[in-house]
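This is what each chain is made of:
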Amino acid sequence: MPRLLSWLTPCAVLVLLTSCSDFDNEFAVQSANTTIEVSTDGTAFVSESFDILVKRAANYGGVYVDIPQRFTDASGGTHWRDFKLAAARRDGEDEYYSREHNVPGRSIYIGAEHCKSCSADLPTGLTKIQIAYWLGRLVRQESDHEILFLPAYMGRVHGQAAKKTLTLKLPPGGTLRPAQQNRAAAYDLRRSAPNEILVSIPAGKGDRVLPDIEIEYPAGTFVTVTSGKRVQLWLSDHFLPFLSILGPLIVGLVAILKFRPSWLVPAPLITVDAKVTESISPALAAYLFRDWKADAAKAAFIASVCHLAVKRTLRISSLGEEAEASDLLAKQDRRKSKAGRAKWYDLPAATRLVFGGIAKEPSVGDRRRVKNARPDVRDELHRTITEEYQKIRGIDRWSLAAAASILVLGIAVASFSGLFLFSAAISGLLLTVFLVVAMFRHPERFPVATGTFEQFKQAMSLIVGLPMMAIVALVYIGTTEVISEQWPYLMAILLHIVGVIAVLAMLRIPTAKQRQIRNNMLVLNRYLRGEIDGPAMSVECYEHYLPFAVALDIEHRWTERFNLWQEGQKMDAYAPDWLITP
């Protein structure tokens, strides 16, 4: 755990640093100009230029330029267009840049690179930021005409006191849609040339959501889109929403498979399955029958002692807790004798563990008190039975793969929606809470360091590391703005986080095989009581099921049935060699 915290703490510091930039105090946008050239294939080449005043010597080192890729048409349909960066410059020279995703499109950072050996500050004074890029096809078909829709650029550019202008260079034959002409309050449009429109966005105090510009053209103006390209455009329009719902759909599928309806569940057993009974230990049967309650420990121990007896590994004086054991199978016989090895390794691990506990007890003559061994093996016996139960379950690779897939989908949605750091802060906060709760509930899972220095590091990780992670996450969450378009995807990311937790929690649900084994124990209980038919009674059958009868606490009823059968068969008195007689 200290290593985990030592890795998470720098990540948390990085998250805090990324939220420290105060643009309005460090920079001011003096002017912003954009030129958009639309080709006859419907794509556009865009060049933007920003005059930025650097007001402080100590500053963030660069600015973010938002590139819109997600457009909404008049009917409410959403369209996503490709983006390809052509150039990023500062003062006419190629500049360092990095890309980040967002719901409306991309955010391109242009400025000094942040690293240990780099100077991250821009010099004070006026600097020019330039960016050029291509946008994918911006044309859609509407009945007998084509619509060129252009994004409302620079609606969210910092420095609202600056006036912004756009020059649109368009193919001939276009007509501005009337609805756009009535929005003078948002921006002013006028034709500066036959195929050129000049758009002026007035200065404002706050970010504004500006309407898109739509220009109507006759059909056939732009290059016809092939059916394959049309499918590709449709997929790109719905890619992020599809990722957002895919994770919850996987969770629902896993839940359906785990909580199967009656027509998917195998028919319940109506008779004892001998193979199922032979595949588990009597100790596990005791736990399954009692639904893993505390009183199952004693029954599991006594059933294991009985199992040792009927397998001729020792002899016992009775089937109760007060029994005494003798004639234990010697260790050298278990190792060297072929019959001894076969007899020993034929026993389940839980049964062998109980034998080892009895063998360690001091003997009086040739006898050992069975109950004296129970406290020494109780915890280890429970662990061994749990491991046996988990082996029956096996590795639930489908559920693990589902959890990993949901996690990857959540990361993809967070990355494409521009909420990666925000989601990381939420996940870090949840992880911190989970670690604290787990420490209080299961302190044994977090071993204490031995050395003095190691104990100091562990204490600092707990006292400083965890609170620091929580504070950094809360500060970032509280100071980061989530725009309206990001809220649906933030909800989707939270659903993905809940989905991963839910799928991992469902790993504790018994599998079909585990449920079948427990069902077989319930059926076996009815058979041992004589309520249903089952294997024909015999001495071998009696001894085989006697440890299970002890595990189910009905050994007296099972013995009564055996005695009645013995009388009916007119057999001699039953005197097993594993029972110590006076």
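Right, let's walk through the structure included here. Computed from a predicted structure; not experimentally measured.

## Quick notes on the overall build of the protein chain
Here's step 1: Assigned secondary structure in the protein chain consists of 18 helices and 20 strands.
Here's step 2: Looking at the protein chain as a whole, 43% of its 582 residues qualify as buried.
Here's step 3: Long-range contacts, defined as pairs at least 24 residues apart, comprise 74% of the intrachain contacts of the protein chain with a sequence gap of at least 6.
Here's step 4: Element-wise, carbon and sulfur atoms account for 58% of the exposed surface of the protein chain, whose accessible area totals about 31,200 Å².

## A few points about unusual backbone geometry
Here's step 1: Unlike most non-glycine residues, D291 shows phi in positive territory, near 55°.
Here's step 2: Relative to the helices and strands, D291 is located in the loop between α6 (282–289) and α7 (296–310).
Here's step 3: Judged by relative accessible area, which is 47%, D291 ranks as partly exposed.
Here's step 4: Although it is not a glycine, W292 adopts a positive phi angle of roughly 60°.

## Overview of the pairing of strand β17 (residues 213–218)
Here's step 1: Relative to β17, strand β12 (residues 145–150) is paired through six bridges, and the arrangement is antiparallel. What sits directly across from H145, in β17, is P218.
Here's step 2: Both strand β14 (residues 175–176) and β17 contribute to a ladder of two bridges, which runs antiparallel. Each bridged residue has a counterpart across the sheet, and for T175 the counterpart in β17 is E216.

## So, the pattern of salt bridges
If charged atoms from side chains of opposite charge come close, those side chains can pair.
Here's step 1: Applying the stated rule across the entire model yields 19 salt bridges.
Here's step 2: With a closest N to O distance of 2.9 Å, R312 and E543 form a salt bridge. Remark: E543 occurs in helix α17 (residues 539–551) and R312 occurs in the loop between α7 and β18 (315–316); sequence separation between them is 231 residues.
Here's step 3: Overall, R312 belongs to the partly exposed group, its relative accessible area being 31%.
Here's step 4: Judged by its relative accessible area of 10%, E543 falls in the buried class.
Here's step 5: Connected via shared salt-bridge partners are R90, D91 and E95.

## Examining the packing of helix α12 (residues 397–416) against helix α15 (residues 487–505)
Here's step 1: It is at 9 Å that the axes of α12 and α15 come closest, and there the two elements cross at 165°. Classed by the angle they form, the pair α12 and α15 counts as roughly antiparallel. Crossing of α12 over α15 shows left-handed handedness. Facing S399, A402, A403, I406, L407, L409, G410, V413 and A414 of α12, the residues of α15 in contact are Y489, I493, H496, G499, V500, V503 and L504.
Here's step 2: Here the residues of the contact of α12 with α15 are counted per class, giving twelve nonpolar, four polar and no charged.

## Some remarks on the packing of helix α10 (residues 349–360) against helix α11 (residues 374–393)
Axis angle and axis distance: for two packed helices, these are the angle between their axes and the distance between the axes, and together they describe the pair.
Here's step 1: It is the contact of α10 with α11, at a shortest axis distance of 9 Å, that shows an interaxial angle of 165°. The pairing of α10 with α11 is recorded here as roughly antiparallel in orientation. When you trace α10 past α11, the crossing you get is right-handed. For the pair α10 and α11, contact is made by A349, A350, L353, V354 and G357 and by V377, E380, L381, T384 and I385, respectively.
Here's step 2: When grouped by side-chain class, the residues that make up the contact of α10 with α11 number seven nonpolar, two polar and one charged.

Rules used throughout
Residues numbered from 1 in each chain as written. Predicted model: local features only at pLDDT ≥ 70, side-chain atom pairs only at ≥ 80, totals over all residues. Heavy atoms only, no water. Helix = DSSP H or I, 4+ residues; strand = E, 2+ residues; numbered from the N terminus. Buried < 20%, exposed > 50% of the residue type's maximum accessible area, 1.4 Å probe, protein only. Contact = heavy atoms within 4.5 Å. Areas by Shrake-Rupley, 256 points an atom, 1.4 Å probe, with all protein chains shown as cover. Pairing = 2+ DSSP bridges. Salt bridge = Lys/Arg side-chain N within 4 Å of Asp/Glu carboxyl O. Axes fitted to C-alpha atoms, helices over the stretch in contact; angles between N-to-C directions. Parallel < 35°, antiparallel > 145°, perpendicular 65-115°, else oblique. Left-handed = near helix turned anticlockwise from the far one by under 90°. Nonpolar A, V, L, I, M, F, W, Y, C, P; charged D, E, K, R; others polar.

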